[in-house]
Structures are given as structure tokens and as C-alpha cells.
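Residue-level listing of the chains:
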2 protein chains.
Amino acid sequence: MSEVKDRLAALREEMRKYHVDIYIVPSSDCHESEYVSVHFRAREYITGFTGSAGTAVVTMEEAGLWTDGRYFLQAEAQLKGSGIRLYRMGEPGVPPLEEYVESQLGQGKCLGFDGRVMAASKALEFDRMVRKHGASLMEREDLIDRIWPDRPAIPDTQVFLLEECYSGESVDGKLERVRRAMEEQQVDIHVLASLCDIAWLLNLRGGDIPCVPVTLSFLTLTQEDCVWYVRPSVVTEEIRTYLAKRRVRIKEYDEIYRDLEGLSVDTRVLLDRRNVNDRLLRSLPESADIIDRPNPTELMKAVKNETEIRNIREAHRKESIAFTRFLYRLKTGAADLTELSAAEYLDARRAEQEHCLGQSFAPICAYGPHGAVVHYSATEETNVPILRESFLLVDAGGHYLEGTTDTTRTIAMEPLKMEQKRMYTAVLRANLRLAYAKFLKGATGYSLDVLCREPLWQLGVDFKHGTGHGVGYLLNVHEGPNAFRPRIPEEETPVELQPGMVTTDEPGVYIAGEYGIRLENELLCVEGPLGAYGQFLEFEILTLIPFDRDAILPEEMNQEELQWLNAYHRRVYEAVGPYLPEEEREWLRECTEIIR
Amino acid sequence: MSEVKDRLAALREEMRKYHVDIYIVPSSDCHESEYVSVHFRAREYITGFTGSAGTAVVTMEEAGLWTDGRYFLQAEAQLKGSGIRLYRMGEPGVPPLEEYVESQLGQGKCLGFDGRVMAASKALEFDRMVRKHGASLMEREDLIDRIWPDRPAIPDTQVFLLEECYSGESVDGKLERVRRAMEEQQVDIHVLASLCDIAWLLNLRGGDIPCVPVTLSFLTLTQEDCVWYVRPSVVTEEIRTYLAKRRVRIKEYDEIYRDLEGLSVDTRVLLDRRNVNDRLLRSLPESADIIDRPNPTELMKAVKNETEIRNIREAHRKESIAFTRFLYRLKTGAADLTELSAAEYLDARRAEQEHCLGQSFAPICAYGPHGAVVHYSATEETNVPILRESFLLVDAGGHYLEGTTDTTRTIAMEPLKMEQKRMYTAVLRANLRLAYAKFLKGATGYSLDVLCREPLWQLGVDFKHGTGHGVGYLLNVHEGPNAFRPRIPEEETPVELQPGMVTTDEPGVYIAGEYGIRLENELLCVEGPLGAYGQFLEFEILTLIPFDRDAILPEEMNQEELQWLNAYHRRVYEAVGPYLPEEEREWLRECTEIIR
């Protein structure tokens with residue numbers, strides 16, 4: 001921790017040089033990515049906190065880290081002794097980051113951050129704040145870069161093409177759809193910085209970010225022109241030819257800033273302030289007319305096409321085979337496994353599957369009390385053996401050419417306490433209630449969320465994370481705009497659930513210091529009956545991995561729920577059974593037998 | 001119907017005189033009231049449609065009525081032969097009223113309405129529309145008034161005082177709270193036009209609107225002054241003295257327009273554009289700074305205080321006694337009853353209760369197919385005898401000094417078909433699911449709505465109305481801002497459910513031409529346990545009237561739901577039983593016996 005203290009001291013030295021009084025270090029890269037290349041982990045460098053979400057604020061006297069409920073326990077442990085105060089976002093009495101920053105501002109004070117890693121929407125808030133208090137802004141310098149001598153470089157991983165048998169739609173078709181949306185919104189140019197949107201649009205994938213197969217780049221689109229700003233080192237000759245045929249020009253990654261400066265005044269620019277960095281916005285001519293709306297690609301890529309859906313089912317079959325074999329290993333002989341070796345075993349089973357491209361995120365393999373740390377990630381230091389008691393929580397997923405998966409199972413390493421079984425059963429009921437919902441078109445992930453929480457609320461428990469997130473296709477495992485959430489964030493217009501959207505369903509219960517339970521399936525939204533009341537929608541469960549009957553109390557489930565569970569287990573056996581060695585298949589048959 | 005045609009012709013004559021091409025006739029009075037004095041029923045006069053909600057638009061060639069799902073069947077019947085087209089709001093392919101009006105506008109066209117009966121927020125939309133199309137606006141003339149020779153006068157019903165043992169808070173206390181809110185929002189003056197807010201604030205009730213005990217008036221409030229604009233004829237000397245002591249000045253009803261014109265420029269005015277009429281807004285100096293937010297009184301009056309809650313429980317006990325006696329009469333000998341005489345019987349039982357001030361709305365007593373007309377109101381023409389088959393749906397409520405009630409029961413006039421019992425059971429399950437919900441503070445009526453709809457959605461049915469509305473205290477039976485609704489209307493910020501809020505829980509199923517089922521209880525929001533996850537809230541069911549066991553299929557309910565039902569019936573018997581004659585009490589005992 002003295003290391004973090006030294007870094008803070010060095011940062012304050014730089015702040016003094018630049019007359020900066022408050023310096024903000026977000027978690028982001030220049031593309032508002034959720035996961036970032038190690039090169040961009042400035043917030044991790046300055047705080048020591050390794051979670052994916054969090055923002056640091058440093059003043060001459062204080063340093064604070066704001067993070068959300070998923071990371072409270074982890075951040076608490078990692079900040080210990082650093083002198084950095086943990087601000088638990090959303091807890092009563094905890095000031096939001098913006099409020100804290102404002103309290104530090106005053107006449108003549110200077111607020112600083114690196115504008116390239118700050119969302120334009122956020123920067124705008126700080127801009128207003130600074131003006132209100134007669135303070136100033138310094139957004140052109142990356143002060144962390146000046147104190148980070150061995151900062152990792154960005155790897156030069158080659159970009160590759162995602163064939164149409166996987167993407168299901170040509171680049172021409174996608175460009176045409178986006179251009180039509182631009183026409184409808186009467187804009188001259190569309191600026192895209194979000195890496196997954198660009199990868200989807202060009203049917204390209206890369207390797208610049210661990211677990212997210214995208215490449216760092218920007219894109220601008222007009223009715224006539226399409227320019228892809230990217231490091232030349234990652235683009236092969238084949239890709240160049242491929243793009244040239246589709247009239248996509250390639251330019252140097254950094255040239256976008258200059259090109260935006262050169263736009264003619266009064267250009268109507270479509271961009272999403274939440275996904276575009278502050279420096280990009282400041283590069284535009286001041287008189288540009290900014291249409292601040294979600295990228296049209298956001299909804300387009302969320303609604304999977306028929307080819308993608310067929311592929312995704314296949315990806316889940318593969319993942320479910322790997323995961324079920326992993327469960328067999330755990331349930332029939334785990335005496336020799338630790339958190340890390342168990343995760344390796346799952347990885348190995350996945351790697352055996354055809355077209356597997358690795359993990360879709362760093363897996364969580366959390367035994368006993370570690371399961372209560374919502375985004376626990378085992379390291380050599382924290383690694384523990386898996387004993388024959390309590391729960392093992394495993395949240396993992398893979399990338400395949402056929403799509404991306406995300407699954408959580410909590411495994412009874414018996415014996416369990418009665419209270420643990422009660423909680424497991426409640427989480428299972430919560431999961432099934434949402435998965436088997438039928439709903440009229442028009443419902444959103446916000447209006448359905450309570451179906452999942454209510455069985456837990458009846459027992460007086462809750463989970464401090466969303467109920468589910470959209471899942472990308474060989475992209476970020478977290479994808480918008482669809483999600484199951486209890487509250488609509490301010491200034492967000494929730495989207496209707498639509499056939500083709502894939503969203504996770506992952507309720508949990510976390511008892512700090514004891515255990516954690518989470519059960520996660522992916523749900524594909526599909527059409528139900530159309531009748532006098534309108535179009536009904538429902539879900540197809542994509543994940544086909546058994547729940548753990550050793551942890552289920554059937555007497556706490558009603559008939560409807562038991563029917564759902566048995567129907568699901570029948571599907572699991574039929575989909576996965578044929579691909580297992582005989583001994584494992586027989587074990588799965590027993591696991592999926594009818595529960596009464 | 002030829003009458004309506006004559007009136008339309010007369011209106012078009014007036015439109016020609018005033019060069020108006022499109023004339024809008026809303027349902028409202030000058031206070032954006034939901035229910036209005038007969039004097040204000042201009043929309044009813046011009047269309048013949050008697051429902052409480054709907055707007056007419058008349059052009060030289062066409063006439064249309066826009067109304068919502070509750071009124072589709074009724075409006076269809078009442079508009080037949082009038083030449084007025086019914087626009088079913090929210091149905092696919094039906095243009096919203098605004099869209100239709102815009103399609104009729106063009107260079108030089110004139111749009112007209114009476115600004116005193118048009119919400120300022122709506123008028124603003126039309127204003128923008130007119131300007132966009134180079135059209136003009138005529139909002140100073142009430143054209144309906146010119147063609148309505150025998151227009152009813154407004155009655156001079158005296159205002160009366162609601163003692164503090166009923167209101168639970170002094171006028172001084174309420175004024176102080178509102179003034180504090182004004183201070184926080186840094187406004188100079190607050191303009192109130194909504195009659196229930198004014199009645200609540202002054203602890204006064206009146207009789208200008210059938211079933212809503214309020215008096216037509218406006219109110220302006222500053223830190224020093226409070227002016228009540230009201231017809232002198234309705235204010236007694238006692239009330240004058242009472243208000244003078246509280247430093248509330250009285251002025252003539254119409255003087256508010258002139259007083260607003262006289263405000264100094266740059267006055268900061270707090271008002272809710274949705275609740276203030278267009279003429280009021282136009283009376284303000286153009287440079288006035290308008291803070292368009294909900295009236296602070298809206299939330300204050302929705303959260304009932306301890307005295308009100310104690311009283312409301314008492315009001316419900318009385319209403320439940322009357323309603324249960326009514327059920328006994330129906331179930332044990334209805335051979336001689338019709339829809340109208342049954343409603344009279346219920347009224348008579350209610351009138352026997354102490355402190356009863358009459359109906360809180362025109363009751364719905366709808367037998368067989370009439371039950372499918374969501375807001376059916378029996379008339380001499382539609383009245384039918386109640387037979388011994390199918391369902392009778394009764395939705396009724398009363399005003400008491402102790403509060404206002406709203407209840408619906410659907411009664412099995414046996415024999416029923418199996419499908420009818422299945423639907424009754426589903427509606428009952430929907431009702432109980434919401435009533436027995438437990439939820440974390442922060443939930444809104446929008447986030448809980450699906451709990452009620454899901455049991456019906458599972459069967460492929462839905463109801464085309466909200467799940468529940470707030471209930472006033474000796475005021476409008478429909479009161480905001482709390483409600484259970486599937487969607488958040490645009491530009492509305494949903495409020496959190498808070499202890500003290502009273503909201504109805506009224507799912508239904510309506511099979512056109514066959515029958516309707518609705519089961520409505522009122523729910524009081526109360527605190528549940530406070531724990532590691534935060535403050536839990538739950539509901540206390542205020543309504544204590546048995547459900548009809550003859551229509552329930554216990555095998556379609558799960559154990560949890562049966563437990564809820566039995567616990568509720570136990571409460572009903574304990575609360576109501578002691579006040580019934582012996583024979584009726586014995587009958588109620590049987591009605592509330594445990595169901596397995």
C-alpha cells in the first residue's frame with residue numbers, strides 16, 4: 001500500500017505543477033469502454049483497486065474512490081491502508097461523486113482530468129459546475145501518464161473478419177441501415193467511438209482489450225463516406241481490400257481529432273455524449289449542431305438476427321456441455337481442487353469446444369465467503385481449496401464464433417445448512433419467475449425486474465446489482481440497451497423488450513463473510529401468441545445447465561415453479577446429454593430427474 | 001342522435017363566424033378537474049358521449065372523439081349514428097389527437113378552443129404546432145357556450161369546514177409546509193388551480209362537483225399573503241372568520257386573471273402546467289419566470305397523516321359493513337333486483353352508516369355483458385334484471401367524514417361456467433399478488449405493476465386500464481401522484497411509494513358481450529422491516545369485504561396465495577362480523593371459512 005501512497009504523492013506533485021486542485025481519474029479508455037486494455041488502467045494504478053467500475057478523485061488533502069455495490073467488499077479490502085476513502089455509491093448518506101467534486105470547487109480552483117478518457121456527457125456536467133463556482137478546467141493533460149514510468153503498451157493484435165455465416169448481415173446492409181437512420185434524423189455526419197458498435201458495423205473483431213474482441217478505433221459516417229480511424233499495425237492487407245470494396249476508408253487512429261476540427265460550421269453531428277469522449281466533442285466546431293442520441297447501431301446490434309440466434313443457440317450448447325462436465329467433476333470428486341484449478345478445469349473443457357475464442361470475462365470461481373464478494377476474482381493470494389461444505393459460486397462465459405455466453409451456477413459442496421438451502425431455493429424461484437414470464441409487447445426490462453426480486457423480498461433479502469444485462473455477439477459480454485433493472489437511470493429512456501434481444505437473468509443472495517448464491521441464465525426474447533390483447537412476448541432460456549438439486553427445497557416451491565424447473569431440466573438433458581461420456585450422461589440424467 | 005348532428009351544425013356555424021377551422025372540446029372545467037360540474041360538460045353536449053374522459057375535435061368536414069380503453073364499448077354505443085368517429089387511444093394504427101390536429105393544420109388555418117378549459121401544458125403543444133405550420137390560434141371564445149341555450153348553472157352549495165379531528169393537520173401547518181417548499185424552490189408566488197389541492201390546504205370542502213366535495217376556486221400564495229378566489233355566495237360568515245384568522249384573504253373567483261396580469265415582471269411563479277388552465281398562464285406577465293413543477297400539495301395530501309389513516313380505517317369498516325350486507329342480499333335472494341335497484345340497496349346500506357356524505361362516484365352495477373363495459377353506468381334504458389347466472393360486477397364507493405372509499409366486487413350469480421371461474425381465480429390471484437407484495441423503499445407503482453398483471457398474462461389476457469390509483473380523503477376518489485401503472489407517461493417522474501399512501505389494486509378481465517370481472521381493494525402503504533438491505537415496505541389492505549368463494553378454483557391457486565386469501569377472510573370476519581345482524585353474520589362466517 002505504500003506503493004499507492006507514493007503514486008498519490010507523485011500525482012499531487014504533478015497537480016501542483018499544473019495548478020490543479022482536484023483531479024479525477026475515471027476507469028475508462030478513449031472509447032468509454034467498460035473493460036479496458038491494461039494501458040488504460042490509470043484508476044487502478046492510482047488506487048490499487050482492480051474492479052472494472054470506479055472513479056478516483058484526488059485533492060491535495062484527500063483521495064476517494066466511488067464504486068458500486070458489486071465491489072464494496074473488494075474495494076474495502078484493496079483500499080485498506082492506502083488512505084483512500086471508499087464512497088459506497090447508492091448507500092444512504094454517501095455523497096455522489098459530482099456532489100463531492102462540487103463541494104471542493106470555489107473561486108479560482110482548478111478541476112482537472114484527461115478529456116480523452118472522460119465521457120462528453122460527464123465532462124459537460126463538470127464544465128457547468130466549474131463555471132457556476134468561478135473555477136477553471138484543465139482537461140488537456142494526462143497527469144497519470146507523467147507518473148507511470150512502466151505504463152504498459154497497447155498490443156498490436158491483428159483484426160479479423162467475422163464471416164456473414166456468423167454475423168448474418170453484410171457490412172453494406174448495416175451501413176445502409178445506419179445511413180437511413182441518419183437521414184431520418186437529418187444529420188450530416190455520425191461520430192462513433194464505441195468499440196463494439198464499430199466492430200458490429202464493420203463485421204470485424206480484434207484483440208486490444210482482454211476478453212472483449214475489439215480493436216481501438218473511431219469511425220465517422222456520412223451518406224457518401226465512411227472513415228475508420230485505426231492503428232495501421234492491426235489491419236492486414238486482406239482487411240484493407242475487404243473494406244475498400246465496401247468504400248470504407250482507413251486513416252490513422254489519432255487523425256479523427258483533426259478531421260472533426262475541420263468540419264464545416266453548422267454541420268449536424270449525430271453522437272451519443274455518453275459514448276464519446278470529451279476531447280472529441282471539443283474538437284468539433286463550436287457552431288456544430290449536436291444531435292445527442294443513442295447510436296443507431298446500439299439497438300440494431302442488440303436485436304440479434306436469425307443467423308445470430310441460430311449461432312447463439314449453438315454457442316450455448318457448447319458452453320453448456322463444458323459447464324456440465326465441470327459440474328460433474330466438482331460434484332463427484334473435488335477434493336483436490338482449488339478456486340484457481342477449478343476455473344482452469346472449466347477453461348480446459350471450454351477450449352475443447354470447436355470455434356472457442358476464450359473467456360468472455362475473467363471468471364469468478366468463489367468458494368464459501370468469497371461468493372459474497374459479488375465480483376470476486378481469485379488470485380494466488382486469495383486462492384482457497386474447495387472443501388466438501390457450503391457453496392461454490394462460478395460465474396463464467398466464453399467467446400465462440402457463434403456468440404458469447406455468460407452463466408452462473410452455485411454448487412452445493414454439501415453438507416449445506418437449512419438456511420442455505422432456503423436461500424438457494426428462493427434465488428432459483430426468482431430466476432424461474434422471470435424466465436417463464438409472459439408479457440405484453442411494450443414491457444421493458446424495468447417493468448419486469450420486480451418479478452425476479454419479489455420472491456427474495458418476501459424473505460427480506462435483496463441483491464445490490466442489476467437483475468440482468470444484454471449480451472453481445474462475440475463482443476462485450478455486457479451490452480445495452482436492454483437490461484433488467486429496478487430503476488430507470490435519470491435521462492434514460494428505457495427500450496421495449498423485442499424479439500431477438502438476449503438478456504441475462506441473474507438474481508443472487510450474498511451473506512458477507514459466509515457465502516454467496518447467484519443463478520444466471522441467458523434469456524432470448526421471442527414472440528408468444530398474438531391475440532385480442534395484443535402481441536405477447538416470452539423468453540427462451542439459452543443456457544442449458546442443470547441447477548443443483550442438492551440445494552433445492554421442493555416444499556418451498558409451488559407447483560408452477562416445479563413444473564418450470566422440471567421442464568427446464570428435461571431440456572438440459574436432451575440438449576447436453578448426447579454429447580457427454582456415458583458416466584457423465586448417467587450423472588446428468590439423475591441431476592435432471594423430475595422433482596416433486 | 002339527430003340532436004348531436006344539429007349541435008355539430010350549430011358549432012360549425014359559430015366556427016365559420018370566428019374563422020376557426022378546427023375546434024377542440026376537452027372534458028375539463030377551468031381547474032383541470034377529472035369530474036366536472038354539469039355546467040362544464042361541453043364535450044358531452046357536443047358528442048353525446050357521457051364518459052368522464054375524452055376529447056372532441058370538430059372540423060368543417062369531420063368530427064372525432066378520442067377516449068381510452070375503459071370507454072371503448074360505451075363510446076361506440078353512444079356515438080352510433082352521430083357521424084362522430086371514435087379514436088381508440090393506444091390501439092395500433094390510431095393517430096393520437098395531437099397528430100390528427102396537426103394533420104389538419106396548414107398555412108392560414110385557425111385552431112380554436114376555450115383557453116379556460118384547456119390545460120396550459122396542452123395549449124403549449126398546440127401553440128408550437130400552430131406556429132410551425134403558419135396557422136393561428138383562437139383561445140378566447142367558448143363556442144359551445146354560444147350554441148348551448150339551456151346550459152346548466154353552477155349550484156351555490158355552501159362550503160364547510162373539515163375539523164382537525166378529521167384532517168389531522170391545521171391550515172397554518174399546511175401553509176407553512178407549502179411556503180417552506182416555495183422557499184426551497186426560490187419562488188415568489190405559487191398559483192393553485194386544482195380544486196382538491198386547495199380544499200386540502202384550507203381544510204374546506206364544498207359541493208360544486210357531483211361526488212367530489214370541492215368548491216370552484218383558485219388560490220395564490222406568497223410568503224406573506226394567501227388569496228382564495230371563490231364565489232362569495234358559497235362562503236358562510238363562519239368560514240370567513242375562520243380564514244381571516246389564518247390570514248387567508250377572499251376575492252371574487254374571476255379576479256385571479258386580473259391579479260396575475262398585475263404581477264411585477266420577473267416574478268418567479270411556481271405552477272404545474274398540467275393543472276393550470278391556459279388562460280391563467282396567458283394572464284401572467286410575459287417576462288415572468290415560470291417554474292413548472294408539481295404542486296407541493298400534491299405529494300403532501302397523498303401521504304396521509306396518522307389521524308387520516310386512523311379515520312380511513314374507520315371509513316373502510318363502515319363501507320365494508322354496508323357492502324357485505326349488500327352481498328348478503330344478492331347472494332341469498334336477488335330474484336327481484338335489477339342493476340339500478342341493487343345499486344340503490346347498496347346506497348341505502350351506506351347511508352345508514354354514521355358520517356356518510358354519499359357516493360364517491362357514480363356506482364357501476366353491471367350485470368352479465370354489461371360488466372365488460374369498464375365504466376358502465378346503468379340507466380333506465382340499459383337497466384336489466386339480475387338473473388341467477390353469470391357475474392354481477394359492482395364498483396362503488398362512499399364519502400365519509402373519515403375518508404373516501406372505492407371497492408369492486410364481482411359476484412357469482414351461479415351457475416358459472418368453468419372458464420368464468422378460471423378467470424375469476426386469475427383476477428383474484430392478480431389482486432393478492434400485489435396486495436401481499438413486499439418491496440424495498442424506492443419502488444414505484446410502475447415497478448410493481450407487473451406483479452398484478454403477470455398471473456393474467458400467463459393466461460394470455462390483460463386489462464386495458466391502470467392497476468390502481470391514489471384515493472383522496474373526502475376529495476376526488478382518483479388522486480395522484482401515486483398509482484399502479486404499466487408504463488410511465490412521458491415527462492412524468494414517478495414517485496416512490498411511501499408509507500401513508502393509499503392506492504387501489506383493481507385487476508380485471510373483460511370479455512366483450514359476455515361478462516366482466518374486477519376485484520378492487522384499497523392498499524395502505526406501511527413500513528415493513530428495516531434490515532441490512534434497507535427499509536422494506538408493504539401494504540395493509542383497507543377494504544374488508546369477502547371475495548366470492550363460489551367463483552374460486554382453489555386448485556388453481558398455490559399455497560402462498562391460499563394462505564393470503566384465508567388470512568384476509570379472517571380479517572374480514574373479525575372486522576365486519578360483529579356489526580352484522582345474526583343471520584348475516586352467520587352467512588359471513590361461512591363465506592370466510594378456510595379454503596384449501
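Anyway, here's the lowdown on the structure attached to this text. Starting from 1, residues in each chain are numbered consecutively following that chain's sequence as written. Labels follow written order: the first chain is A, the first ligand is 1, and so on. A pLDDT threshold of at least 70 governs which residues receive local features in this predicted model, and a stricter bar of 80 or more applies before side-chain atom pairs are shown or counted, although totals over entire chains, interfaces and linings include all residues. Heavy atoms throughout the structure, all of them, feed into the side-chain values; hydrogens and water do not.

## Structural notes on the relation of the copies chain B and chain A
Stated precisely, the cut-off is as follows: When the copies are superposed, the least-squares fit draws on C-alpha atoms of residues that have pLDDT of at least 70 in both. A contact between two residues is defined here by any heavy atoms of the two lying within 4.5 Å.
Mapping chain B onto chain A is achieved by rotating through 180° and translating by 0.1 Å along the same axis, at an RMSD of 0.0 Å. With respect to symmetry, the two chain copies, as superposed, fit the operation of a two-fold axis. Residue Ser447(B), judged by its C-alpha, is the member of chain B lying nearest the rotation axis, at 2.6 Å. A symmetric contact is evident, with 100% of the interface residues of chain B recurring at the interface of chain A.

## What to know about the packing of helix H16 (residues 418-435) of chain A against helix H18 (residues 559-576) of chain A
All names here are of chain A. To keep things clear, this is the line we draw: Axes here refer to lines fitted to C-alpha atoms; in helices the fit is confined to the stretch in contact. Angles between the N-to-C directions go from 0 to 180 degrees. Every helix listed is a DSSP run of H or I at least four residues long, and every strand listed is a run of E at least two residues long, numbered separately from the N terminus. Angles are sorted into four bins: roughly parallel if under 35 degrees, roughly antiparallel if over 145, roughly perpendicular if 65 to 115, and oblique for all others. In this classification, Asp, Glu, Lys and Arg are treated as charged, Ala, Val, Leu, Ile, Met, Phe, Trp, Tyr, Cys and Pro as nonpolar, and every other residue, Gly included, as polar.
At a closest axis distance of 10 Å, the pairing of H16 and H18 adopts a crossing angle of 80°. On the basis of the axis angle, H16 is roughly perpendicular to H18. On the side of H16, the interface is formed by Leu-428, Arg-429, Leu-432 and Arg-433, while H18 contributes Glu-560, Glu-561, Trp-564 and Leu-565. Looking at the contact of H16 with H18 residue by residue, the class counts come to four nonpolar, no polar and four charged.

## A look at the packing of aromatic side chains
Pairs of aromatic rings are described using the distance from one ring centre to the other and the angle between the two planes. Residues and elements named next belong to chain A. Put simply, the rule is: Aromatic pairs are defined between Phe, Tyr and Trp rings, using the six-membered ring for Trp, whenever the two ring centres lie within 6.5 Å; interplanar angles under 30 degrees are classed as stacked, those over 60 as edge-to-face, and all others as tilted. Note on exposure labels: buried denotes an accessible area under 20% of the residue type's maximum, exposed denotes more than 50%, and partly exposed covers the range between, all computed with a 1.4 Å probe on protein chains only. Ring-over charges, as used throughout, are those where CZ of Arg or NZ of Lys falls within 6 Å of the ring centre and within 35 degrees of the ring normal.
By the definition in use, this model includes 32 aromatic pairs over all chains. Each ring, one from Phe-439 and one from Phe-539, has its centre 5.1 Å from the other, and the planes form 40°; the classification is tilted. Taken together, the positions of Phe-439 in strand S21 (residues 438-440) and Phe-539 in strand S28 (residues 534-541) put the pair 100 residues apart, joining distant regions of the chain. Taken as a pair, Phe-439 and Phe-539 share a single burial class, namely buried. Each residue in the set Trp-66, Tyr-87 and Tyr-100 is aromatic and connected to the rest through ring pairs, giving one cluster. For Arg-317, the ring lying beneath its charged end belongs to Tyr-579, and the centroid distance is 4.2 Å. Above the ring of Phe-547, the side-chain terminus of Arg-409 is found at 4.3 Å from the ring centroid.

## A closer look at the side chain of Asn203(A)
Residue and element names in this part refer to chain A. Relative to the assigned elements, Asn-203 resides in the loop between helix H9 (195-202) and strand S9 (204-205). Assessed through its relative accessible area of 2%, Asn-203 is described here as buried. With residues near it in sequence (within four places) discarded, Asn-203 still touches Phe-160, Leu-161, Leu-162, Ser-167, Glu-169, Ser-170, Val-171, Lys-174 and Tyr-242.

## Re the nonpolar core
Worth spelling out the cut-off: Here the nonpolar core consists of buried residues drawn from Ala, Val, Leu, Ile, Met, Phe, Trp, Tyr and Cys, with membership extended through side-chain atoms lying within 4.5 Å.
Core analysis: the largest hydrophobic core is formed by 166 residues, its most contacted members being Phe439(A), Leu448(A), Phe439(B) and Leu448(B). Sequence-distant contacts of Phe439(B), that is, excluding residues within four places in its chain, are made with Trp457(A), Leu448(B), Leu497(B), Cys525(B), Gln535(B), Phe536(B), Leu537(B), Glu538(B) and Phe539(B). One finds Val117(A), Leu243(A), Ile312(A) and Leu475(A) within the second-largest nonpolar core, a separate group that totals 72 residues.

## Section: the interface of chain B and chain A
Where we set the bar: Summed over both partners, the accessible surface that disappears when two parts come together, traced with a 1.4 Å probe, is what is meant by buried area. Whenever a carboxyl oxygen of Asp or Glu lies within 4 Å of a side-chain nitrogen of Lys or Arg, that contact is scored as a salt bridge. As used in this structure description, the phrase polar contact means that two N or O atoms lie within 3.5 Å; if the pair is within protein, one of them must be able to donate a hydrogen and the other to accept it, and residues adjacent in sequence are counted only when both atoms belong to side chains.
Chain B puts 31 residues into the contact, and the matching count from chain A is 31 residues. Across the interface of chain B and chain A, roughly 2,600 Å² is buried in total on both sides, 55% from carbon and sulfur atoms. The three residues of chain B that bury the most area against chain A are Trp457(B), Gln458(B) and Tyr533(B), which together make up 25% of that side's buried surface. At the junction of chain B and chain A, the tally comes to four salt bridges. Residue Glu560(B) is joined to Arg429(A) by a salt bridge in which the shortest nitrogen-to-oxygen separation is 3.8 Å. Between the two partners, chain B and chain A, sit six residue pairs in polar contact (both at pLDDT 80 or more). The set of elements that each furnish at least two residues to the side of chain B that touches chain A consists of strand S21 (438-440), helix H17 (445-457), strand S25 (508-511) and helix H18 (559-576) of chain B. Among the elements that line the side of chain B that touches chain A, the one with the most residues is H17(B), at six residues.

## What about the environment of Arg422(B)?
Residue and element names in this part refer to chain B. Assignment of secondary structure puts Arg-422 in helix H16 (residues 418-435). Judged by its relative accessible area of 27%, Arg-422 falls in the partly exposed class. Those residues in contact with Arg-422, other than ones at most four positions away along the chain, are Leu-459, Leu-553 and Glu-556.

## Observations regarding empty space enclosed by the protein
In plain terms, the rule: A cavity here means a set of points on a 1 Å grid, drawn over the protein atoms and nothing else, where a 1.4 Å probe fits but cannot get out; a pocket is an open set with protein on both sides within 12 Å along at least five of seven lines, and a residue lines either one if it has an atom within 4 Å of a point. Grid points are joined across faces, edges and corners, and a volume is the space filled by probe spheres set on the points.
Under the definition given, this model contains six cavities of 30 Å³ or more. As a volume, the largest cavity reaches approximately 190 Å³. Taken together, 16 residues form the lining of the largest cavity, with Arg433(A), Leu451(A), Arg433(B), Leu451(B) and Glu454(B) sitting closest to its centre. Every element with two or more residues in the lining of the largest cavity is listed here: H16, helix H17 (445-457) and H18 of chain A together with H16, H17 and H18 of chain B.

## Quick look at the pattern of salt bridges
Applying the stated criterion across every chain yields a total of 115 salt bridges over all chains. Between Arg422(B) and Glu419(B) there is a salt bridge; the shortest N-O distance is 3.3 Å. With Arg422(B) and Glu419(B) both in helix H16, this residue pair falls three residues apart, about one helical turn. The closest approach of N and O atoms between Asp462(B) and Arg453(B), which form a salt bridge, is 3.1 Å. For Arg453(B), a relative accessible area of 2% puts it in the buried group. Salt bridges here are not isolated pairs; linked through shared partners, they connect Arg429(A), Arg433(A), Glu560(A), Glu561(A), Arg429(B), Arg433(B), Glu560(B) and Glu561(B).

## Let's talk about helix H4 (residues 97-104) of chain B
Residue and element names in this part refer to chain B. This is how the line gets drawn: In this description, one arc is meant: the one made by directions from the helix axis to the C-beta atoms.
When H4 is considered as a whole, its buried residues turn out to be Leu-97, Tyr-100 and Val-101. Buried residues in H4, looked at end-on, bunch into an arc of 100°, giving them a common side. For H4, the elements touching its buried residues are strand S1 (22-25), strand S2 (55-59), strand S3 (63-67), strand S4 (85-88), strand S5 (110-112) and helix H5 (120-132).

## Digging into the layout of surface pockets
If you add up the space inside the second largest pocket, you get close to 480 Å³. Forming the walls of the second largest pocket are 22 residues, and the residues nearest its centre are Met557(A), Asn558(A), Asn558(B), Gln559(B) and Glu560(B). Those elements giving two or more residues to the lining of the second largest pocket turn out to be H16 and H18 of chain A together with H18 of chain B. It is H18(A) that provides the largest number of residues to the lining of the second largest pocket, a total of four residues. Here the lining of the second largest pocket is composed, by residue class, of five nonpolar, six polar and 11 charged.

## Focus on the environment of Ala575(A)
All names here are of chain A. Mapped onto the elements, Ala-575 comes out in helix H18. In sequence terms Ala-575 and Leu-544 are 31 residues apart; their C-alpha atoms lie 7.3 Å from each other. Once you skip the residues sitting within four places of it in the chain, Ala-575 turns out to touch Arg-317 and Leu-544.

## A closer look at the sheet that holds strand S8 (residues 189-192) of chain B
Residue and element names in this part refer to chain B. Convention followed: Strands pair, by our definition, only if DSSP identifies at least two bridges between them.
Strand order in the open sheet made by the six strands is S12-S11-S10-S8-S13-S14, with mixed pairing throughout. The outermost strands of the open sheet, each flanked by one partner alone, are strand S12 (249-251) and strand S14 (289-292). Sheet twist, expressed as the mean angle between neighbouring strand axes with direction ignored, is 25°. Of the strand pairs in this sheet, strand S11 (residues 226-230) and S12 are connected by three bridges, and their pairing is parallel. Paired with Trp-228 across the bridge in S12 is Ile-250.

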